[in-house]
Amino acid sequence: MSTPRPQLKDIIVKCVGRKELAPRRSVKPKMLVTESPLVKDFHKWSGKQRRLFYSQEDVDHDPRLGLMTNWNLTSNFFAGLLKSPIRLDKHSRAKVPRDLLIKLKMEELPPNEEGKLIKITPTFSDAKSLQSSYVSASSQVLENIFFRVLLPKSINGSAMRYYDKKEILSDKAALVDEFRESSLKLITEGLTALLNDQQSAAYKDLEDWDILVTYDTSNPNDIEIRKCQNLKNKPTIIMFNLKVLENKDLEDMFSSRVKNPHGGIVLKLLKNKILLNCMYKLIAFSSN
């Protein structure tokens, strides 16, 4: 006896309707109105903006947040570092803001007896280049890293001549010395130009997020954030102490030429960005 075919109405599962619950709304703390570059100028590749949320209770109880006289980070040096484009650190393989890293590029060598054709050299230019790589701003890293790791990935690309490792000058000690000397030269020339210009910011009063560059052998800190309670507007400033560089020329410059009552040279982020980035990297490089 054949089994009867089931009717369609018998196999349809009837869903029992239920009342939809209203979705829960996540409550976010109110964000203070800010002109931070982390919000306004964040890079398009990220796909979304970054925001920092602080409750009023956080601000009241954390003394560090009391340093923030306002939330306008356009002139904040550290915010500027964090918003720089992301690059791959050749040492840690981590993706890090570019201004925290040392940029290296390939440079052709003149004919020599050793047969070396190219070398790696530090550069302070932000111009894009396929023949560049980045590494942590640390003397220990640069002295101990395997030299081949520093080579840009594109150095042996299909559109370029292939370089044998014997044709590449691999002298890490020379690379460390070249970075120090190039940085010191840029810093010395930049500060000298500011001191020669009587109208420059070096002679202005301190404002919020100004950078005060000093050479103070009695101060154990290389970089610090300080609120100047003794000044009328009580600005929050960043201090760079160049004593860690142990450079006699810079020490003589500050002792003989700097007559600012603040004891240092005042720099503005928006006007002296390249010079400040160079100082920051060399201080970090020399501190370990």
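All figures in this text were calculated on a predicted structure; none of them were measured in a lab.

Student: Help me understand the environment of Ser 133, please; the structure alone is not making it clear to me.
Tutor: Its place among the elements puts Ser 133 in strand β5 (residues 132-136). Remark: the alpha-carbon pair of Ser 133 and Leu 101, spanning 32 residues in sequence, is separated by 9.6 Å. Residues contacting Ser 133, with those up to four places away along its chain left out, are Lys 90, Ile 102, Lys 103, Leu 104, Leu 150 and Pro 152. Among the polar contacts listed, one links the side chain of Ser 133 to the backbone oxygen of Leu 150, at a separation of 2.7 Å.

Student: Got a minute to help me understand helix α8 (residues 273-286) in this structure?
Tutor: Structurally, the α-helix is built with 3.6 residues per turn, so residues lying three or four positions apart point the same way. For α8, with 14 residues, the first-to-last C-alpha span of 20 Å sits near the 20 Å given by 1.5 Å per residue. In terms of burial, α8 is largely enclosed, as 10 of its 14 residues are buried. When we look at burial in α8, the residues that qualify are Leu 275, Leu 276, Asn 277, Cys 278, Met 279, Tyr 280, Lys 281, Leu 282, Ile 283 and Phe 285.

Student: Can you walk me through the sheet that holds β5 in this structure?
Tutor: The strands that make up a sheet pair up through hydrogen bonds in the backbone, lying either parallel or antiparallel. The strand order across the open sheet formed by four strands is β5-β3-β4-β6, and the pairing between neighbours is mixed. The strands lining the two open edges of the sheet, one partner per strand, are β5 and β6 (168-169). Strand contacts of helix α6 (residues 172-196): β3 (101-108) and β4 (118-123), with the helix running at about 30° to β4, the strand carrying the most contacts.

Student: For this particular structure, what's the right way to read the nonpolar core?
Tutor: In summary, soluble globular proteins display a tendency toward joint burial of nonpolar side chains. Core analysis: the biggest nonpolar cluster contains 49 residues, and Leu 191, Phe 240, Leu 242 and Leu 267 have the highest contact counts within it. When residues of this core are assigned to domains, at least three map to each of domain 1 (80-174) and domain 2 (197-286). In this structure, Leu 206, Cys 228, Ile 237 and Met 239 belong to the second largest nonpolar core, which totals six residues.

Student: Would you take a moment to explain the pattern of salt bridges for this structure?
Tutor: Side-chain pairing between opposite charges can occur once the charged atoms of the two side chains come close. Per the stated rule, a full pass over the model turns up six salt bridges. In this structure, the salt-bridge partner of Asp 99 is Arg 98, at a minimum N-O distance of 3.7 Å. Taken as a pair, Asp 99 and Arg 98 share a single burial class, namely buried. Where Glu 207 meets Lys 268, a salt bridge forms, and the shortest distance between an N and an O atom there is 3.2 Å. One end of the pair, Glu 207, is in the loop between α6 and β7 (211-214); the other, Lys 268, is in the loop between β10 (265-267) and α8, with 61 residues separating them in the sequence. In this structure, a network of salt bridges that share partners links the residues Glu 207, Asp 210 and Lys 268.

Student: What is the right way to read the confidence of the model for the protein from this model?
Tutor: Considering every residue of the protein, the mean pLDDT works out to 78; 69% of them sit at 70 or more. Below pLDDT 50 for its whole length, residues 43-49 participates in six contacts with residues either more than four positions away or in separate chains.

Student: What is the right way to read the environment of Lys 153 from this model?
Tutor: Inspection of the secondary structure puts Lys 153 in the loop between α5 (139-144) and β6. Put simply, Lys 153 and Ser 132 are 21 residues apart on the chain and 8.5 Å apart in space, counted from C-alpha to C-alpha.

Student: In this structure, what is going on with the packing of aromatic side chains? I would like to understand it.
Tutor: The geometry of an aromatic ring pair comes down to the distance between the two centres and the angle between the two planes. Within this structure, the stated rule accounts for six aromatic pairs. Consider the rings of Phe 77 and Phe 78, whose centres lie 5.6 Å apart with planes at 75°: the pair is edge-to-face. Their ring planes at 80° and their centres at 5.5 Å tell us that Phe 77 and Phe 240 sit as a pair that is edge-to-face. With Phe 77 in helix α4 (residues 77-82) and Phe 240 in strand β9 (residues 236-241), the pair connects residues that are 163 residues apart, well separated along the chain. On the accessibility criterion, Phe 77 (1% relative accessible area) is buried. By relative accessible area, Phe 240 is classed as buried at 0%. An aromatic cluster of three or more residues is present, and its members are Phe 77, Phe 78, Phe 240 and Tyr 280.

Student: Would you take a moment to explain the sheet that holds strand β8 (residues 223-227) for this structure?
Tutor: If you walk across this open sheet you meet the four strands as β8-β9-β7-β10, and the pairing is mixed. Looking at the sheet topology across the chains shown, the edges are occupied by β8 and β10. With strand direction ignored, the average angle separating the axes of adjacent strands in the sheet is 30°. Two elements, β8 and β9, share five bridges in a ladder whose sense is antiparallel. The partner of Ile 225 across the bridge, within β9, is Ile 238.

Rules of the game
- Within each chain, residue numbers correspond to sequence positions counted from 1 in written order.
- In view of the model being predicted, local features appear only for residues whose pLDDT reaches at least 70, and side-chain atom pairs are presented and counted only at 80 or more, with totals across whole chains, interfaces and linings using the full set of residues.
- By convention in this description, side-chain values take in all heavy atoms of the structure and omit both hydrogens and water.
- Only DSSP runs of H or I with at least four residues qualify as helices, and only runs of E with at least two residues qualify as strands; both kinds are numbered from the N terminus onward.
- By definition, residues are in contact when any of their heavy atoms lie within 4.5 Å.
- For the purposes of these results, a polar contact is taken to be a pair of N or O atoms within 3.5 Å, where, inside protein, one atom must be able to donate a hydrogen and its partner to accept one; residues adjacent in sequence count only when each atom of the pair is a side-chain atom.
- A helix is expected to reach a length of 1.5 Å times the quantity of its residues less one.
- For every residue, the accessible area obtained with a 1.4 Å probe (protein chains only) is divided by the maximum for its type, and the residue is called buried under 20%, exposed over 50%, and partly exposed between those limits.
- For two strands to be treated as a pair, DSSP must find no fewer than two bridges joining them.
- The axes used here are C-alpha line fits, helices contributing only the stretch in contact, and every angle between their N-to-C directions lies in the interval 0 to 180 degrees.
- In this description, a nonpolar core means a group of buried Ala, Val, Leu, Ile, Met, Phe, Trp, Tyr and Cys residues linked to one another through side-chain atoms lying within 4.5 Å.
- Here the bounds of each domain stem from an automatic or database domain assignment.
- Salt bridges are identified by distance alone: a Lys or Arg side-chain nitrogen within 4 Å of an Asp or Glu carboxyl oxygen.
- Summary of the metric used: pLDDT quantifies the predictor's per-residue confidence within the range 0 to 100.
- Aromatic contacts are taken between Phe, Tyr and Trp rings whose centres are within 6.5 Å, Trp giving its six-membered ring; a plane angle under 30 degrees counts as stacked, one over 60 as edge-to-face, and the others as tilted.

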